[in-house]
Amino acid sequence: MASFSLFAQIDIHAPATPRATAGEEGEDEEEIPIIEKVAIDTVKTRDKYVDIVLFDDHSWDYVLYPRPGIDSTSIFDRWWNTEQIHAYKGYPKDSIPDEVDLLLIDSTHAFCCPIRNKVYSTYKFRKGREHQGVDIPLQIGDTIRAAFDGVVRYIGVSTETGGYGRLIVLRHSNGLETYYGHLSKQMVLPGEPVKAGDVIGLGGSTGRSTGPHLHFETRYMGQTFDPQRLMDFETGQLRSEMFTLKKHYFSIYSHYGQSETESKAASEALYHKVRSGDTLGKIAGKYGTTVTKICKLNGISSKKVLRIGERLRVR
């Protein structure tokens with residue numbers, strides 16, 4: 001095992017010992033030399049921000065790495081737009097790291113489930129379209145609360161937001177944005193700071209909606225991922241204080257409950273863009289699959305009328 005030095009990261013010395021005197025009072029004192037230790041191995045711990053270093057004298061010590069924080073204001077300066085729903089249009093996805101650790105709560109920043117109930121429509125491909133959030137049923141007028149501390153970036157009504165209906169978008173200092181759609185009433189203004197648990201609106205059925213519910217999205221630098229990775233809407237609990245966001249989570253086919261292997265494979269799925277003259281049978285034959293499998297992958301019926309330009313997952 002090769003030896004290496006970690007003195008740039010930690011300052012290790014021999015235990016402090018009183019100086020020894022060489023003779024009578026007033027004579028020169030002899031200082032005990034500092035003994036340098038040589039690191040011979042590093043042991044990982046369950047905490048990715050803490051390692052244990054082993055030294056050649058059989059002692060050990062911790063190496064602490066910088067942890068993500070919440071108190072950042074720069075996120076409210078860059079790509080900030082109160083006029084558009086999606087502020088990160090044009091943000092290069094390739095510039096997002098393969099993994100990023102997001103601290104969600106700490107001693108001064110809390111969490112509150114926007115509304116508690118069982119999710120009835122998940123993050124998935126639904127009826128030939130990407131459903132980029134989750135739907136939670138409610139009664140019209142139910143209170144909707146901010147999930148985390150943040151600032152209101154955008155509010156809009158149905159004529160401005162299309163399918164979202166009355167919409168609120170909050171930006172949080174760890175880089176996340178949360179979307180609250182189909183509201184009957186908005187109770188905040190753009191630029192207004194909010195705390196987790198603050199009432200920001202009332203539930204409704206505005207926009208493209210088949211009944212009263214909250215459409216809730218989570219986005220990072222404009223990219224959506226399954227909100228159920230962060231929280232359990234039925235119990236109202238946050239799943240962890242620190243969330244490791246992986247790039248393959250940005251696929252509509254990557255969702256909570258999958259293994260990492262399944263999630264990554266799903267994110268690399270193959271799609272077909274519908275062209276004039278295409279049928280499900282023709283598409284299935286082209287890719288060596290079946291109509292039944294294509295329908296199951298996309299949550300559609302075999303009788304579905306295909307639209308030119310529509311994307312279908314075929315594998």
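Remember, it's a predicted structure, so these values are computed and weren't measured experimentally. (Residues numbered from 1 in each chain as written. Predicted model: local features only at pLDDT ≥ 70, side-chain atom pairs only at ≥ 80, totals over all residues. Heavy atoms only, no water.)

Peer 1: How do you make sense of the overall build of the chain when you look at a structure like this?
Peer 2: Secondary structure summary: the chain contains four helices and 23 strands in total. Put simply, the chain has 315 residues, and 43% of those count as buried. Partitioning the intrachain contacts of the chain with sequence separation of at least 6 by distance along the chain shows that 61% fall at a separation of at least 24. Accessible area for the chain stands at about 17,500 Å²; split by element, carbon and sulfur atoms hold 51% of it. (Helix = DSSP H or I, 4+ residues; strand = E, 2+ residues; numbered from the N terminus. Buried < 20%, exposed > 50% of the residue type's maximum accessible area, 1.4 Å probe, protein only. Contact = heavy atoms within 4.5 Å. Areas by Shrake-Rupley, 256 points an atom, 1.4 Å probe, with all protein chains shown as cover.)

Peer 1: Explanation requested: the nonpolar core in the structure shown.
Peer 2: Nonpolar side chains in soluble globular proteins tend to end up buried together. Formed by 41 residues in total, the largest nonpolar core has its most connected members in Leu104, Tyr180, Ile200, Phe216, Tyr220, Phe225 and Leu245. Contacts of Ile200, omitting those with residues within four sequence positions, involve Ile144, Arg145, Ala146, Ile168, Leu170, Tyr180, Gln186, Met187, Val188 and Val194. With eleven residues, the next largest nonpolar core counts Val274, Ile294, Cys295 and Val314 among its residues. (Core = buried A, V, L, I, M, F, W, Y, C linked by side-chain atoms within 4.5 Å.)

Peer 1: How should I be thinking about the pattern of salt bridges in this particular structure?
Peer 2: Pairing between side chains of opposite charge can happen when their charged atoms approach one another. Applying the stated rule across the entire model yields nine salt bridges. A salt bridge links Lys37 to Asp57; the shortest N-O distance between them is 3.5 Å. Of this pair, Lys37 sits in the loop between strand S2 (29-30) and strand S3 (39-44) while Asp57 is found in the loop between strand S4 (50-55) and strand S5 (60-64), placing the two residues 20 residues apart along the sequence. Taking relative accessible area as the criterion, Lys37 reaches 13% and is therefore assigned buried. Linking Arg311 and Glu130 is a salt bridge whose minimum nitrogen-to-oxygen distance equals 3.4 Å. On the criterion of sequence distance, the pair formed by Arg311 in strand S23 (residues 311-313) and Glu130 in strand S8 (residues 129-131) is long-range, its members being 181 residues apart. Residue classification places Arg311 among the partly exposed residues on the basis of a relative accessible area of 35%. Here the residues in one salt-bridge network are Arg153, Arg171 and Glu177, joined through shared partners. (Salt bridge = Lys/Arg side-chain N within 4 Å of Asp/Glu carboxyl O.)

Peer 1: Please explain the side chain of Lys246 as it appears in this structure.
Peer 2: Inspection of the secondary structure puts Lys246 in strand S21 (residues 242-246). There is a polar contact of 3.2 Å between the side chain of Lys246 and the side chain of Glu260. With near-sequence residues (within four places) excluded, Lys246 lies in contact with Asp98, Glu99 and Glu260. (Polar contact = N/O pair within 3.5 Å; in protein donor to acceptor, adjacent residues only side chain to side chain.)

Peer 1: Got a minute to help me understand unusual backbone geometry in this structure?
Peer 2: Residues other than glycine seldom take positive phi values, yet His58 does so here, at roughly 75°. Along the polypeptide, His58 turns up in the loop between S4 and S5. A relative accessible area of 78% places His58 in the exposed class. Phi is positive for Met221, which is not a glycine, with a value near 50°. Relative to the assigned elements, Met221 resides in the loop between strand S17 (213-220) and strand S18 (223-225). With relative accessibility at 9%, the residue Met221 sits in the buried group.

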